[in-house]
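Here is how the chains run, residue by residue.
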Amino acid sequence: MKDTDIKRLLYTHLLCIFSIILSIFIPSFFLENFSILETHLTWLCICSVFVTAVNLVLYLVVKPNASSKRSSLSYKVARFLKCCIYFLMSCFFFHVIFVLYGAIIFETLQLREIPPVIYIFVFYRVTSIWENSLQITTISSFIGTWLGAFPIPLDWERPWQVWPISCTLGATFGYVAGLVISPLWIYWNRKQLTYKNN
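Note that residues are indexed from 1 along each chain, following the sequence as it is written. Where totals are concerned, whole chains, interfaces and linings use all residues; where local detail is concerned, this predicted model gives features only for residues with pLDDT of at least 70, and gives and counts side-chain atom pairs only at 80 or more. Hydrogens are left out, water is left out, and the side-chain values use all remaining heavy atoms of the structure.

Visitor: Could you give me a rundown of the packing of aromatic side chains, with the residues and numbers involved?
Guide: Working definition: a ring pair exists when centres of Phe, Tyr or Trp rings (six-membered ring for Trp) sit within 6.5 Å. Plane angles under 30 degrees give stacked, over 60 give edge-to-face, the rest tilted. Taken as a whole and assessed by the stated rule, the structure comprises one aromatic pair. Centre to centre, the rings of W146 and F150 are 5.2 Å apart; their planes meet at 65 degrees, and the pair counts as edge-to-face. Classification of residues uses two cut-offs on accessible area relative to the type maximum, computed with a 1.4 Å probe and protein chains only: under 20% is buried, over 50% is exposed, and between them is partly exposed. The exposure class assigned to W146 is partly exposed, which follows from its relative accessible area of 46%.

Visitor: Tell me about a nonpolar patch on the surface, and please be specific about residues and values.
Guide: Residues with no salt bridge and a relative accessible area higher than 30% make up the patches, which join like charges within 9 Å and nonpolar side chains (Val, Leu, Ile, Met, Phe, Trp, Tyr) within 5 Å. Each accessible area value is a Shrake-Rupley result obtained with a 1.4 Å probe; residue values ignore everything except the protein chains displayed when judging cover. For this document, the term salt bridge refers to a Lys or Arg side-chain nitrogen within 4 Å of an Asp or Glu carboxyl oxygen. A surface patch of nonpolar side chains, about 610 Å² in accessible area, is lined by V180, I181, L184, W185, Y187 and W188. Inspection of the secondary structure assignment puts W188 in helix α8 (residues 165-188). Elements are defined by DSSP. Helices are runs of H or I of four residues or more, strands are runs of E of two residues or more, and each kind is numbered from the N terminus.

Visitor: Hey, could you go over the UniProt feature "transmembrane region" (unreviewed entry) in the protein for me, with residue numbers and the actual values?
Guide: UniProt annotation of "transmembrane region" (unreviewed entry) refers to residues 9-29, 41-62, 83-106 and 163-188 when read in the numbering used here. Segment residues 9-29 splits into 95% helix and 0% strand. End C-alpha atoms: 31 Å apart. The distance separating the terminal C-alpha atoms of residues 163-188 is 37 Å; by composition the span is 92% helix and 0% strand. UniProt positions are given in the numbering used here, feature names are shortened, and annotations may be inferred rather than shown by experiment.

Visitor: Provide a residue-level description of α8, including the pertinent values.
Guide: One less than the number of residues in a helix, times 1.5 Å, gives the span that helix is expected to have. In a regular helix each residue adds 1.5 Å, so 24 residues correspond to 34 Å; α8 covers 34 Å between its end C-alpha atoms and thus fits that length. Maximum bend of α8: about 25 degrees, positioned at I181, with proline P183 one to four residues after it. To get the bend at any residue, fit one axis to the seven residues that end at it and another to the seven that begin at it, then take the angle between the two axes.

Visitor: So what's going on with the packing of helix α1 (residues 3-25) against helix α7 (residues 129-148)? Residues and values would help.
Guide: Interaxial distance between α1 and α7 falls to 11 Å at its minimum, and their mutual angle equals 40 degrees. Overall, the two elements α1 and α7 adopt an arrangement that is oblique. Crossing of α1 over α7 shows right-handed handedness. On the side of α1, the interface is formed by D5, I6, R8, L9, T12 and H13, while α7 contributes I129, W130, S133 and T137. Convention adopted: a line fitted to C-alpha atoms gives each axis, helices being fitted over their contacting stretch, and angles between N-to-C directions are expressed from 0 to 180 degrees. Should an angle fall under 35 degrees it is called roughly parallel, over 145 degrees roughly antiparallel, and 65 to 115 degrees roughly perpendicular, with every other angle called oblique. By definition, any crossing whose near helix is turned counterclockwise from its far helix by less than a right angle is left-handed, and any crossing with a clockwise turn is right-handed. Residue contacts are counted whenever heavy atoms from the two residues lie within 4.5 Å of one another.

Visitor: Tell me about unusual backbone geometry, and please be specific about residues and values.
Guide: For N33, which is not glycine, the phi torsion reads 55 degrees and is therefore positive. By the secondary structure assignment, N33 is in the loop between α2 (27-30) and α3 (40-62).

Visitor: Please provide a residue-by-residue account of the nonpolar core, values included.
Guide: Core analysis: the largest hydrophobic core is formed by eight residues, namely I20, F34, W43, I46, C47, V51, I165 and L169. Of all the secondary structure elements, the ones that give two or more residues to this core are α3 and α8. For this core, the element with the highest residue contribution is α3, accounting for four residues. When near neighbours in sequence (up to four residues on either side) are disregarded, W43 contacts S23, I24, F34, I36, L169 and T172. Side-chain atoms within 4.5 Å are what join buried Ala, Val, Leu, Ile, Met, Phe, Trp, Tyr and Cys residues into a set we call a nonpolar core.

In C-alpha cells:
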C-alpha cells in the first residue's frame, strides 16, 4: 500500500465533508425559510444529492486502480448487478431491524444463514483501502444513528429531538466522523493491512 493511495483517500474524504458543509449553506440562497430542522427532509435529500455527485465525480477523476479483468464490460455489469442485489437485500434487512428495533427477532426467527450485509462487515476480507474505508464509514454511520436515537425519549422538547431528525443528524455526524477516522486508521495500520488481489 502506497502513501499516495492513502493521501488520495484522505483528499476525497475531505471533499465529501466539504460537500456536506455546502449542503447546509447553499440551499439557503435558493430556498426561502430553509433550515436543517424545519425543512429536514429537503436538507436530507439535498445533502444526499451533494454527496452522491461529489462521489461520482471523484470516482471518475481518481479511478481506483483496476486490473485488466476489472476493466472488462462483462465484469462491470456483473459487479453492478451484484451491488444492486446486495443493496436491495441490505435495504430489506435494515428495514426489518429499524422497524422492529427492540423486538425479539432473533429468538422468534430461525436464521439458517448469515445475512449478506453482516457477512460483508464481519467475514469479508477487503481488497483495497477504498473497501476498508467503506466499511469504517458505514459502521460509524450506524453508530451515529444509534447514538442519535438517545435524545428522542428525553423530555427536553427541542426541535432537533423529534424523530427522525436526531437519527439522521446522528447518521450524518457518524458518516463525517467515519470519513475522518478511516484514512487515519488506515494510515496508522498500513503495515498490518494486506489486501488480496482478485
